[in-house]
Amino acid sequence: MKKKLQYVLGLCLITIMFSCSNSDDGGTEQRLEPITAAFEATISTTDPNVLILNNTTTYEFDFTSSWDYGLGDPAVTDGPGNEMVRYATPGRYTITLTVTGEGVTDTATQEILVDINGICPDGVCSPVEPEVPLEPQVGLKDFADFSVGMAITLERLNIPQHAEVYRKDFNNLTAEFEMKMDIMHPTPTTFNFDAGDAIVAFAEANGMEVHGHTLIWHNEFALPNWVKNFSGTDAQFEAMVENYITTTLQHFKGKVRSWDLVNEAISDSRGNPLRNTEGNGLGSIFRQKMGPDYVKKCFQFARNADPDVKLFYNDYNMASSVSKRDAMFRLVDDLGDLIDGVGAQMHISFNSPSQSRIQQLVDGVVSRNLLLHFAELDVRVNTEGNASLAALSTPRAEAQKAKYKEVVEIYNAIPQANKFALTVWGLRDNETWLTDFWKVPEFPLMFNDNYTQKPAYDGFMEALTVD
Ligand code: 9MR
């Protein structure tokens, strides 16, 4: 997103060395010395995402100048004074200054890189520097013999208090939305891995893993419009999906150790068939265009692209619904060696599903020698749907703690060979997706809005540390 800033006064600038190249230096015989475009670019010291552009072109006659900031917008006329342009999103941008004088046009260009710290000085991005705490911070991850995961957004990685807790307690990151199809394959001819790359950079700088989520998901919030309204043949659709899976997996090869390759393919309706043509956003364009074997096809494409990455099928309500669980196992059994693990989303409530139902699901995964990911854990407390619930009561907080503890105990007890990760779906209660979804207040996570730990956190910790 471009934001041209209006403030000019009082800025102190760090000059950085950007060299500008000319596309045409003449060489033919001309009566006049041709105009030569030139500009300087400096990073603002008050906002590391702002670039200050100074058109330094000089010419003895009148001339016009315009900028293309590389943000996908039309070129703009150079105004008086410096131009201040904000590059909010990590990526690679080419800035072009075009000048025209006495019928001759010349351009100067500069490429810049932007990461989660802002514009990279000299085009060199540095990994995010961990804020080294005075004393080593010990958290959940230090007591677990499996990865302790957290759902993050790129924006929150940049908030220091968030980053501090992430580093203390978690060692596996799942992007809440930045590694879905609408972001990674925004148009038929383009891919955009900038946000995913920035998340990987944060993880690498902090000794964390990244769990990729999610490549194939029917959900309208994760699909680009061009896929929803795909205009080609079914064969073209399938070729597009193969190319998407291949390109994405190869891009993140060696950096993202696991992927939810297919997400929520199974319908909640009677018999739990694959989602297909049902309306209200519940159907799957992938099933419609690629046929009943589409899940297997996708796993095969992925396996071809990267034989080493861990591939998961991820879905919800598989502990609470026996029929859905069984449908999932039929799907998974059919995949054979193509699949490494099952992601069991744990969007649960303080009182449901029961310990034994969760255990049955776990036993089914373990008996198949698959990895188990307890994914997307959050524990609802406002199951009554109380629209004016202002805070979590002590008894309900204790019940929630007990459920967290139960879930972690179940997970911790599985054989080491089946352990993979247990991922919590958000840090603070005020950032849960559930409030939007249920339209009532919710408090399903382990941290309060002020980053203090809730009893739920103690429940997680006790399951790891108390015999
Ligand atoms: O929590 C996620 C929310 O921030 C996103 O806007 C949304 C659409 O991308 O996805 C939410 O996460 C979903 C997850 O990817 C799959 N299982 C259900 C989760 C809640 O909708």
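Quick caveat, the model's predicted, so the values are computed rather than measured.

Reading guide: rules and limits
Residues numbered from 1 in each chain as written. Predicted model: local features only at pLDDT ≥ 70, side-chain atom pairs only at ≥ 80, totals over all residues. Heavy atoms only, no water. Helix = DSSP H or I, 4+ residues; strand = E, 2+ residues; numbered from the N terminus. Buried < 20%, exposed > 50% of the residue type's maximum accessible area, 1.4 Å probe, protein only. Contact = heavy atoms within 4.5 Å. Areas by Shrake-Rupley, 256 points an atom, 1.4 Å probe, with all protein chains shown as cover. Lys, Arg positive; Asp, Glu negative; His and termini not counted. Charge placed at Lys NZ, Arg CZ, Asp CG, Glu CD. Near = heavy atom within 4 Å. Polar contact = N/O pair within 3.5 Å; in protein donor to acceptor, adjacent residues only side chain to side chain. Nonpolar A, V, L, I, M, F, W, Y, C, P; charged D, E, K, R; others polar. Disulfide = S-S within 2.5 Å. Phe/Tyr/Trp six-rings, centres within 6.5 Å; stacked < 30°, edge-to-face > 60°. Lys NZ or Arg CZ within 6 Å of the ring centre and 35° of its normal. Axes fitted to C-alpha atoms, helices over the stretch in contact; angles between N-to-C directions. Parallel < 35°, antiparallel > 145°, perpendicular 65-115°, else oblique. Left-handed = near helix turned anticlockwise from the far one by under 90°. Pairing = 2+ DSSP bridges. Salt bridge = Lys/Arg side-chain N within 4 Å of Asp/Glu carboxyl O.

Visitor: What exactly am I supposed to notice about the overall build of the protein here?
Guide: Along the protein, the regular secondary structure elements total 13 helices and 18 strands. Viewed in the frame of its principal axes, the protein has a C-alpha envelope of about 90 × 55 × 40 Å. In the protein, which comprises 467 residues, the share counted as buried stands at 51%. Counted over contacts in the protein with a minimum sequence separation of 6, partners at least 24 positions apart contribute 72%. When the accessible area of the protein is evaluated, it comes to approximately 21100 Å², of which 50% is carbon and sulfur surface. Computed over 37 positive and 64 negative side-chain charges, the separation of the two mean positions in the protein equals 10 Å.

Visitor: Would you take a moment to explain the site of the ligand for this structure?
Guide: Neighbouring the ligand are 13 residues; Glu176, Lys180, His213, Glu264 and Glu376 lie closest to it. One of the side-chain N or O atoms of Glu264 is found 2.7 Å from a nitrogen atom in the ligand. At 3.0 Å, a side-chain N or O of Trp425 approaches an oxygen atom of the ligand. In isolation the ligand exposes 450 Å². Once the protein is present, 79% of that is buried. Every element with two or more residues in the shell around the ligand is listed here: β13 (209–217) and β16 (341–349). Residue composition of the shell around the ligand, by class: five nonpolar, four polar and four charged.

Visitor: Help me understand the state of the cysteines, please; the structure alone is not making it clear to me.
Guide: Simply put, disulfide is the name for a covalent bond between the sulfur atoms of two cysteines. One pass over the full model with this rule turns up one disulfide. The disulfide partner of Cys120 is Cys125, and the S-S distance across this bridge is 2.1 Å. On the sign convention where negative means left-handed, the S-S torsion of about 85° between Cys120 and Cys125 marks this disulfide as right-handed. The class of Cys120 is buried, set by a relative accessible area of 2%.

Visitor: Sorry, what's going on with the packing of aromatic side chains here?
Guide: Taken as a whole and judged by the stated rule, the model has 17 aromatic pairs. Considering the side-chain rings of Phe146 and Tyr411, the 4.9 Å spacing of their centres and the 70° angle between planes classify their relative orientation as edge-to-face. Residue Phe146 is located in the loop between β10 (118–119) and β11 (147–152), and its partner Tyr411 is located in helix α11 (residues 394–412); the two are separated by 265 residues in the primary sequence. Accessibility assignment for this pair places Phe146 and Tyr411 in one class, buried. Ring centres of Phe312 and Phe420 lie 4.6 Å apart, and the angle between their planes is 40°; on these two criteria the pair is classed as tilted. Residue Phe312 is located in strand β15 (residues 310–315), and its partner Phe420 is located in strand β18 (residues 419–424); the two are separated by 108 residues in the primary sequence. Of the two residues examined, Phe312 and Phe420, each falls in the buried class. Each member of the aromatic cluster is reached from another via a ring pair, and the members are Trp226, Phe230, Phe237, Phe286 and Tyr294. When the ring centre of Tyr316 is taken as origin, the NZ or CZ atom of Lys324, which lies over that ring, is 3.5 Å away.

Visitor: How do you make sense of the packing of helix α8 (residues 294–305) against helix α9 (residues 322–335) when you look at a structure like this?
Guide: A pair of packed helices is captured by two measures, namely the crossing angle of their axes and the spacing between those axes. The N-to-C vectors of α8 and α9 enclose an angle of 45°; their axes lie 10 Å apart at closest approach. Accordingly, the angle class assigned to the pair α8 and α9 is oblique. Considering how the two elements wind past one another, α8 and α9 form a crossing that is right-handed. Contact with α8, carried on its side by Val295, Lys296 and Phe299, involves Leu331, Asp334 and Leu335 of α9 and no other residues of that element. Taken together, the residues of the contact of α8 with α9 break down into four nonpolar, no polar and two charged.

Visitor: Can you walk me through helix α13 (residues 455–465) in this structure?
Guide: Listed in full, the buried residues belonging to α13 are Ala456, Tyr457, Gly459, Phe460, Met461, Ala463 and Leu464. Residues of α13 that are buried in the fold lie against β11, α2 (160–169), α11 and β18.

Visitor: What should I look at first to understand the sheet that holds strand β14 (residues 258–263) in this one?
Guide: Note on sheets: strands pair through backbone hydrogen bonds, and any given pair is parallel or antiparallel. Ordered in space as β11-β12-β13-β14-β15-β16-β17-β18, the eight strands form a closed barrel in which the pairing is parallel. Averaged over all neighbouring strand pairs, the angle between strand axes comes to 25°, with direction disregarded. The sheet contact formed by β11 and β18 spans four bridges and is parallel. Paired with Ser147 across the strands is Ala421, a residue of β18. Sheet contacts for helix α4 (residues 194–205): β11, β12 (172–175) and β13; angle to β13, the most-contacted strand, approximately 155°. Across the sheet, α11 touches β16, β17 (371–380) and β18, and the angle it forms with β17 is around 180°.

Visitor: How should I be thinking about the pattern of salt bridges in this particular structure?
Guide: Close approach of charged atoms allows side chains of opposite charge to pair. Applying the stated criterion across every chain, the model contains 23 salt bridges. Across the pair Asp333 and Arg368 runs a salt bridge, and its minimum N-O distance is 2.8 Å. In this pair, Asp333 sits in helix α9 while Arg368 sits in the loop between α10 (355–367) and β17, placing the two residues 35 residues apart along the sequence. The exposure class assigned to Asp333 is partly exposed, which follows from its relative accessible area of 45%. A relative accessible area of 29% places Arg368 in the partly exposed class. A salt bridge links Arg428 to Glu431, with the nearest nitrogen and oxygen atoms 3.1 Å apart. Residue classification places Arg428 among the buried residues on the basis of a relative accessible area of 15%.

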